[in-house]
Amino acid sequence: MWKTALKPRWIAGFIFAIAVSGVFVLLSQWQFGRSTSPEMPVNPDTEKVQPLTDTLQPGGFFPGSDADQMVSATGTYDPAKQVLVPGRLHDGKTGYWVVSAFAVDGAPTLTGSAASPRTWIPVARGWVADAAEATAPPSGAVQVTGRLLPSEAPVAGKAANPGEATAVSVAELINDWEISSYQGFVAATAEVAGGADVSAAAVRGNLLPLEIGPQPPAQQINWLNLFYSLEWVVFAGFAFFIWWRLVKDDYHRDLEDALDGHAEAHEPEQQPGTTRQPEHTDQKVQP
């Protein structure tokens, strides 16, 4: 059969089958890429800076729609209320987030026996490789701009070292700082004090900026496009099957022609002027 497959026309047919199947594979990849698409594109409105006091209310539920929103607030830091969150990565290195308590001007005050006179929000100011490199927050009135993120869950079964927190967890921090707080935190991108930006992004030192972008949207599967991608793979295999089937049929025709030629070559020659009598077979008739 290989001899038949090596005929020029079937070699050309095989090359054509490769080309056709290649097109089908590309169509399969295209359909597969379309089978997974985000539920919704990244909302450009989250990149527009909004006042924190207009975006989120303290003491309540943190809406998922407020996550990733760029916000700004004016207030003051308390240098005595600062913790380090270990186990945070930056460019492949493990270090600490520096998180400071920020009293928000104009924020609603909460009521209750444990409520503080002012409402605060944790601000992740930057990343340091060594705990000794953490610097105090800027003093005086500061305008903070950053990305609003929901509170993290505390690490269960792990006690924080002195001056540290297991996570940027509002529930954990308010117990340590004894303050009223928003149910979220801000990853700072700018800290303007005295008309100058003194944030980690502007002043390059041991404190490095976090550079947290918007979270990618959730993915959903389009089953119809996924089915089409598998269908094109089947078509690609079918192109080779058709080529193999045609070669096999041609091979069988060559065998039949060879057998017919062999039979004609061994057939006895008939003498001129004579006719071949049909052969008779005796049949027994049963009484």
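As shown above, the structure is provided for reference.
Residues numbered from 1 in each chain as written. Predicted model: local features only at pLDDT ≥ 70, side-chain atom pairs only at ≥ 80, totals over all residues. Heavy atoms only, no water.

**Student:** I'd like a description of the pairing of strand β3 (residues 70–90), backed by residues and values.
**Tutor:** With two bridges joining them, strand β2 (residues 50–51) and β3 adopt parallel strand pairing. Within β3, the position partnered with Q50 by the bridge is V71. Sheet analysis places β3 next to strand β6 (residues 142–150), joined by six bridges and oriented antiparallel. When the sheet's bridge partners are listed, T74 is paired in β6 with Q143. Counted along the chain from β3 to the antiparallel partner strand β4 (residues 93–104), the turn is two residues long, and its residue D91 has a positive phi close to 55 degrees. (Pairing = 2+ DSSP bridges. Helix = DSSP H or I, 4+ residues; strand = E, 2+ residues; numbered from the N terminus.)

**Student:** Please provide a residue-by-residue account of a nonpolar patch on the surface, values included.
**Tutor:** Nonpolar side chains collect at one region of the surface, where M1, F238, F241, I242, W244 and L246 lie side by side and expose about 550 Å² of accessible area between them. By the element assignment, I242 lies in helix α5 (residues 223–265). (Patch = residues over 30% accessible without salt bridge, like charges linked within 9 Å, V, L, I, M, F, W, Y side chains within 5 Å. Areas by Shrake-Rupley, 256 points an atom, 1.4 Å probe, with all protein chains shown as cover. Salt bridge = Lys/Arg side-chain N within 4 Å of Asp/Glu carboxyl O.)

**Student:** Run through unusual backbone geometry, naming residues and quoting values.
**Tutor:** Note: most peptide bonds trans; most residues except glycine with negative phi. Here D91, not a glycine, exhibits a phi torsion of approximately 55 degrees, which is positive. Within the secondary structure, D91 sits in the loop between β3 and β4.

**Student:** Could you give an account of empty space enclosed by the protein, with specific residues and numbers?
**Tutor:** Across all of its chains, the model carries one cavity of 30 Å³ or more by this definition. Counted as a void, the largest cavity has a volume near 40 Å³. If you trace the largest cavity, you find it lined by L52, V71, S72, A73, F102, I121, V123, V144 and V186. If you list the elements that add at least two residues to the lining of the largest cavity, you get β3 and β5 (119–128). The element contributing the most residues to the lining of the largest cavity is β3, with three residues. (1 Å grid on protein atoms, 1.4 Å probe; cavity = no way out; pocket = protein on both sides within 12 Å on 5 of 7 lines; lining within 4 Å. Points joined across faces, edges and corners; volume = space filled by probe spheres on them.)

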